[in-house]
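The lines below spell out each chain.
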Amino acid sequence: MTVIKVGIPVSLTGQFQTQGRQALVGLQAWADGVNRTSGLEIGTRRYEIEVIHYDDSSLADGAATAANRLIHEDQIDLLFGPYSSGLAGAVSEVAAGAGMVLWNQGGAADIICQPGRWVVGILTGAREYLAGLPELVKVAHPSAASLCVLRCADGAFPRLVSEGLERSAQDRGFRRVRYLEFPSTQNDFSELISEALAAKPDLLLVVGRIRHDIAIAQVLASQPDIERRPSVTAVVATPIERFRREMGENVEGFVGPSQWEPSRDDAVFLPPADFYGPTPAQVLSELNLARGAAGVPVDYPMAQSFAAGLIAQRCLKEAGSLDQGLLWRAAGKLDFHTFFGRFKINPESGQQIGRSVNLVQWQRGKKVVIWPPEQAQGKLEIHQQSPGE
């Protein structure tokens, strides 16, 4: 079979190295699955997939350099984006200059998808990450009305997540009682957390980089006066394996957004009529097989890169060609489901509009999906405050 070359900048070193390795494992697992079967179908021909990658060192300049090398030296046929909105944004500029479609599997910042650029958004946008949470809080705690935001001042992602939550919270009668920012270089959060808790918020949002989220959650969990804790604390890193591992038994109660949660039981999976590709359990099995050599846990970056490959595969079948313009138009008109959920983009910007993020909460040592309602495994549990507080 003829070979299709797939390229991806990945963070094998630097702050995103775990997620970068996971993304590479997921994309390779997709390619291996296709190669083991009958290959990738384009028109009347079938192709084998070769994955080419370079380390971007978790830097935007590194990602742009890797993308340029993939496009101009390796002459890849498909370009997949790296993990992190900042890195994906840099690669989107390179892709636009080269007239290539970017299969954006790792950046949720809305600004990456813009008219005039061929960026296919795989992920739900950052503004929608916590949009369902205020409604859940109101159901569990009807008198809840105050919000505190604790976010990193650097980068678009924290700003977009917090803006989305604030908008949804205001629609449901919340008022903002405190807004606190910190630089990406900050390591000690004790005073900042004391200031946040002094405002006595019902809902507290923490959004920074992964290391910030974990460090802040650890300080929150270690507060001697547990009655000062908000009724609900949302930390964006909550769903990932590293958060559970580093928090230990203190993981209880934290809420966060998840682009994907694994399903191990196809017996309860009811695929819609437009379902494409392997089932959730089959994908999980593929990812578990692939993760061994990389030594990383199965987590959402693996699933979203696998999904990106699957979506590109479906678009190639629709387009019947490797022509980038035809691929872009195919992506814009398709509407279907995979194990990752519904795929539908805005045909002008490429922004993902078809799927919603899961909200999860750690309850009695287990990660429980609490949103959206049709996928919920349980209800939001709130921190009970003492009478009179």
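Since the model is a prediction, treat every value here as computed from it, not as a measurement. (Residues numbered from 1 in each chain as written. Predicted model: local features only at pLDDT ≥ 70, side-chain atom pairs only at ≥ 80, totals over all residues. Heavy atoms only, no water.)

Draft legend 1. Representation of the pattern of salt bridges in the model. Summed over all chains, the structure comprises 18 salt bridges. For glutamate 128, the salt bridge identified is with arginine 167, shortest N-O distance 3.0 Å. Of the two residues, glutamate 128 is situated in the loop between strand 6 (119-121) and helix 4 (133-140) and arginine 167 in helix 5 (residues 156-171); the sequence distance between them amounts to 39 residues. Owing to a relative accessible area of 41%, glutamate 128 belongs among the partly exposed residues under this scheme. (Salt bridge = Lys/Arg side-chain N within 4 Å of Asp/Glu carboxyl O. Helix = DSSP H or I, 4+ residues; strand = E, 2+ residues; numbered from the N terminus. Buried < 20%, exposed > 50% of the residue type's maximum accessible area, 1.4 Å probe, protein only.)

Draft legend 2. Examining the pairing of strand 9 (residues 203-207) more closely. By the criterion of burial, strand 9 is predominantly enclosed, with five of the five residues buried. Of the two faces of strand 9, both are covered, the one formed by Leu203, Leu205 and Val207 as well as the one formed by Leu204 and Val206. Across five bridges, strand 7 (residues 146-152) lies against strand 9 in parallel orientation. Looking at the pairing, arginine 151 lines up with valine 207 of strand 9. Pairing of strand 9 with strand 10 (residues 232-235), which is carried by four bridges, proceeds in the parallel orientation. Looking across to strand 10, one finds that leucine 204 is bridged to threonine 233. (Pairing = 2+ DSSP bridges.)

Draft legend 3. Representation of unusual backbone geometry. Each neighbour pair has its own omega, and for tryptophan 371 with proline 372 the value is 0°, a cis peptide bond. Along the chain, proline 372 turns up in the segment after strand 15 (366-371). If you check the backbone angles, serine 58 has positive phi at about 65° while not being a glycine. Of note, serine 58 is situated in the loop between strand 3 (45-55) and helix 2 (60-73). Serine 58 sits in the buried class, given a relative accessible area of 6%. If you check the backbone angles, lysine 200 has positive phi at about 50° while not being a glycine. Mapped onto the fold, lysine 200 is located in the loop between helix 6 (190-198) and strand 9.

Draft legend 4. Representation of the nonpolar core within the structure. Core analysis: the biggest nonpolar cluster contains 132 residues, and Trp30, Trp103, Leu133 and Phe243 have the highest contact counts within it. With eleven residues, the top contributor of residues to this core is helix 10 (residues 300-319). Those residues in contact with phenylalanine 243 that sit more than four places away from it in its chain are Asp213, Ile214, Ala217, Val235, Ala237, Thr238, Val251, Phe254 and Trp362. (Core = buried A, V, L, I, M, F, W, Y, C linked by side-chain atoms within 4.5 Å. Contact = heavy atoms within 4.5 Å.)

Draft legend 5. Focus on empty space enclosed by the protein. Per the counting criterion, the structure on display carries one cavity of 30 Å³ or more. In this structure, the largest cavity occupies an estimated 50 Å³ of space. In this structure, the largest cavity is lined by Asn104, Gly107, Ala108, Ala109, Asp110, Ile112, Cys113, Gly121, Ile122, Leu123, Gln351 and Gln352. Residues that form the lining of the largest cavity fall into these classes: six nonpolar, five polar and one charged. (1 Å grid on protein atoms, 1.4 Å probe; cavity = no way out; pocket = protein on both sides within 12 Å on 5 of 7 lines; lining within 4 Å. Points joined across faces, edges and corners; volume = space filled by probe spheres on them. Nonpolar A, V, L, I, M, F, W, Y, C, P; charged D, E, K, R; others polar.)

Draft legend 6. Broad picture of the sheet that holds strand 6. Overall, mixed pairing links the six strands, which are arranged 2-3-1-4-5-6 in an open sheet. Here the strands that pair on one side only, and so sit at the sheet edges, are strand 2 (40-42) and strand 6. Averaged over neighbouring strand pairs, the angle between their axes works out to 35° when direction is ignored. As judged from the three bridges shared by strand 5 (residues 102-104) and strand 6, these two strands associate in the parallel manner. (Axes fitted to C-alpha atoms, helices over the stretch in contact; angles between N-to-C directions.)

Draft legend 7. Structural context of helix 3 (residues 85-98). With 14 residues, helix 3 extends 20 Å from end C-alpha to end C-alpha; this agrees with the ideal 20 Å at 1.5 Å per step. When we look at burial in helix 3, the residues that qualify are Ser85, Leu87, Ala88, Gly89, Ala90, Val91, Ser92, Val94 and Ala95. Buried residues along helix 3 sit in contact with strand 1 (2-10), helix 2, strand 4 (78-80), strand 5, strand 6 and helix 5. Measuring from the side-chain oxygen of the N-cap residue of helix 3 to the backbone nitrogen of glycine 86 gives 3.3 Å; that N-cap residue is serine 84. (Expected span 1.5 Å × (residues − 1). Polar contact = N/O pair within 3.5 Å; in protein donor to acceptor, adjacent residues only side chain to side chain.)

Draft legend 8. How the structure looks around the side chain of glutamine 363. Mapping glutamine 363 onto the fold places it in strand 14 (residues 358-363). Note on glutamine 363: relative accessible area 7%, which makes it buried. Among the polar contacts made by the side chain of glutamine 363, one reaches the side chain of glutamine 361 at a distance of 2.7 Å. Within the local environment of glutamine 363, its side chain forms a polar contact with the backbone oxygen of lysine 379, the two atoms lying 2.9 Å apart. Among residues more than four places away in sequence, those in contact with glutamine 363 are Glu252, Val368, Ile370, Lys379, Leu380 and Glu381.

Read these as spatial facts, not as claims about activity.
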